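# Chains, contacts and geometry: an overview
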Amino acid sequence: MDGIREPGLRKVESHCSMAEADDFDLSRLLDKPKLNIERQRSFDERSLSELSINVRALDNYESTYSPGFRSGFDTPASSARNSFEPHPMVAEAWEALRRSLVYFRGQPVGTIAAYDHASEEVLNYDQVFVRDFVPSALAFLMNGEHDIVKNFLLKTLHLQGWEKKIDRFKLGEGVMPASFKVLHDPVRKTDTLIADFGESAIGRVAPVDSGFWWIILLRAYTKSTGDLSLAETPDCQKGMRLILALCLSEGFDTFPTLLCADGCSMIDRRMGIYGYPIEIQALFFMALRSALPMLKHDAEGKEFVERIVKRLHALSYHMRSYFWLDFQQLNDIYRYKTEEYSHTAVNKFNVIPDSIPDWVFEFMPCRGGYFIGNVSPARMDFRWFALGNCVAILSSLATPEQSVAIMELIEERWQELVGEMPLKVAYPAIESHEWRIITGCDPKNTRWSYHNGGSWPVLLWLLTAACIKTGRPQIARRAIELAESRLLKDGWPEYYDGKFGRYVGKQARKFQTWSISGYLVAKMMLEDPSHLGMISLEEDKAMKPLMKRSTSWTC
Ligand code: GLC
């Protein structure tokens, strides 16, 4: 979205204090190149209708592709040159992030999940997780350190090529690992890799999100460096196609959303997110949109492009229509008739109004709305999930009106969703009988802990990105201040517990890498909003609002 770099722009940004940046019209700032440069549209901005009419239009995306802005954020070493005085935590965070680096044959290939020496139980926190590496990768890209991201993309691509088996069952070719580890043999002086595709993971959960994050990161790398050659290599093209083949395959589905087992993403334990979890649907959408312009247009590539375009249309319609909840929509569901048969049904999924939980009536503000957790026959999971909603904003799965409404909800329900530590992974917690049934009595996921209503500092970067995209940097700033009052002092915990996120999590790791890198990314994006381009996609005009009711927020 940021197109060609305007020489003067970075200077303006890097000399602007955070307070001054408030006065900036951030959307104008982000769009600035448009004002000054008669530029060609970058690949993100092409409409899907253009694509479906003329798929060949993308053949020469190379010529219209332009690198994103390089970071205007100084590393701790050079910060003295900048009038912007970074928070002392920033230097500490960089140091901690560098300590988490993992090397393979001398090359950095990722960051370890947590560098917590005090913890007795290492479990798999000594591994490089694909999802955990994303904020680290963004921090490195924003700091102009591209190689580690390239190495990571290539290493994981190599792992994707492995034959993957759980007992006697062979997994899909395109599956990307949840995590990997480098084994150093000091005697033989060799490094070897081991990877986990779910066959060792607790509960044998499937990392559905890994492949999506991989594609999203490949785009971020390409966008940030302007280096098209990596995405164009036959290996990367093949890797993308294998992931796409998995998630676009035909089956018995009646919906365009992707059917998943429980624990298939950041929430990697049983938490009642089986079915069509919002996190996966939003990442799926974003990965499809990210892959579209990176795919080559040979015969096979074109076929994928066509399938992606069709799926995006259906997916955005489905999500915007059926996952969206605001005051008006809640009222409509509350009054639903049931047992409707045929095409004329209003209550398409036969949701029984009695199944609406009491809390949601209280929680729903007059202004604002969000994508609910899950929709399937007779089931709406009304819980709010942070990651899915932020990714919906970043990928433009949410219409501009819906994006604004999500931000309004966060503001209106600040105490519940942010409280003392940004940000609740899910809201509200499930308790008592429901907790027993839904989590299988999981002692890690007791109410208001861990995945069950815990607060995860890593989500700060996603919140910040969503704030910048919707032109509300002051919300991000408030959240960052909260994080700054605790994170370093508490040793960068993995998560916080309690209704308002006041307590360091029961079993939270310390020096959790994505808590560290998430903070850095949030800071760098706020300092230089043009970084947003590597992780955000503009609205596609061809998928313009399909439903009117989403705009009716007032009550
Ligand atoms: C936990 C989290 C998961 C994360 C992993 C490594 O299992 O639930 O999202 O990737 O730790 O940090």
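Notes on the structure in this doc start here.

The rules behind each value
- Residues numbered from 1 in each chain as written.
- Predicted model: local features only at pLDDT ≥ 70, side-chain atom pairs only at ≥ 80, totals over all residues.
- Heavy atoms only, no water.
- Pairing = 2+ DSSP bridges.
- Helix = DSSP H or I, 4+ residues; strand = E, 2+ residues; numbered from the N terminus.
- Contact = heavy atoms within 4.5 Å.
- Axes fitted to C-alpha atoms, helices over the stretch in contact; angles between N-to-C directions.
- Salt bridge = Lys/Arg side-chain N within 4 Å of Asp/Glu carboxyl O.
- Buried < 20%, exposed > 50% of the residue type's maximum accessible area, 1.4 Å probe, protein only.
- Near = heavy atom within 4 Å.
- Polar contact = N/O pair within 3.5 Å; in protein donor to acceptor, adjacent residues only side chain to side chain.
- Areas by Shrake-Rupley, 256 points an atom, 1.4 Å probe, with all protein chains shown as cover.

## A look at the sheet that holds strand β9 (residues 369-376)
The strand order β8-β9-β10-β11 describes an open sheet built from four strands, whose pairing is antiparallel. Of all the strands in the sheet, just β8 (324-326) and β11 (426-427) have a single pairing partner and so form its edges. Taken together, the four bridges between β9 and strand β10 (residues 379-385) define a ladder with antiparallel strand orientation. Following the sheet pairing, S376 is matched in β10 by R379. Running over the sheet, helix α13 (residues 299-323) touches β8, β9 and β10 and is turned about 105° from β9.

## Regarding the sheet that holds strand β3 (residues 128-129)
Across the sheet, three strands lie side by side as β3-β6-β7; this open sheet has antiparallel pairing. The sheet is open, and its two edges are formed by β3 and β7 (190-196), each paired on a single side. Two elements, strand β6 (residues 179-185) and β7, share seven bridges in a ladder whose sense is antiparallel. Note that in β7 the partner of H184 across the bridge is D191.

## Side note on the pattern of salt bridges
Once their charged atoms are close, side chains differing in charge can pair, the charge on each being opposite to the other. Across all of its chains, the model carries 14 salt bridges by this definition. With its nearest N and O atoms 2.6 Å apart, the salt bridge here joins D126 to K181. Of this pair, D126 sits in the loop between β2 (107-111) and β3 while K181 sits in strand β6, placing them 55 residues apart in sequence. Overall, D126 belongs to the partly exposed group, its relative accessible area being 22%. Across the pair R131 and D209 runs a salt bridge, and its minimum N-O distance is 2.6 Å. In this pair, R131 is assigned in helix α7 (residues 130-142) and D209 in helix α9 (residues 208-225), connecting sequence segments 78 residues apart.

## A closer look at the site of the ligand
Contacts to the ligand come from A113, Y125, F129, R131, D132, M266, D268, Y450, H451, E494, Q512 and W514. For the ligand, an oxygen atom lies 2.9 Å from a polar atom in the side chain of R131. Here an oxygen atom of the ligand sits 2.9 Å away from a polar atom, N or O, in the side chain of Q512. Here the ligand loses 96% of its free accessible area of 310 Å² to cover by the protein chains.

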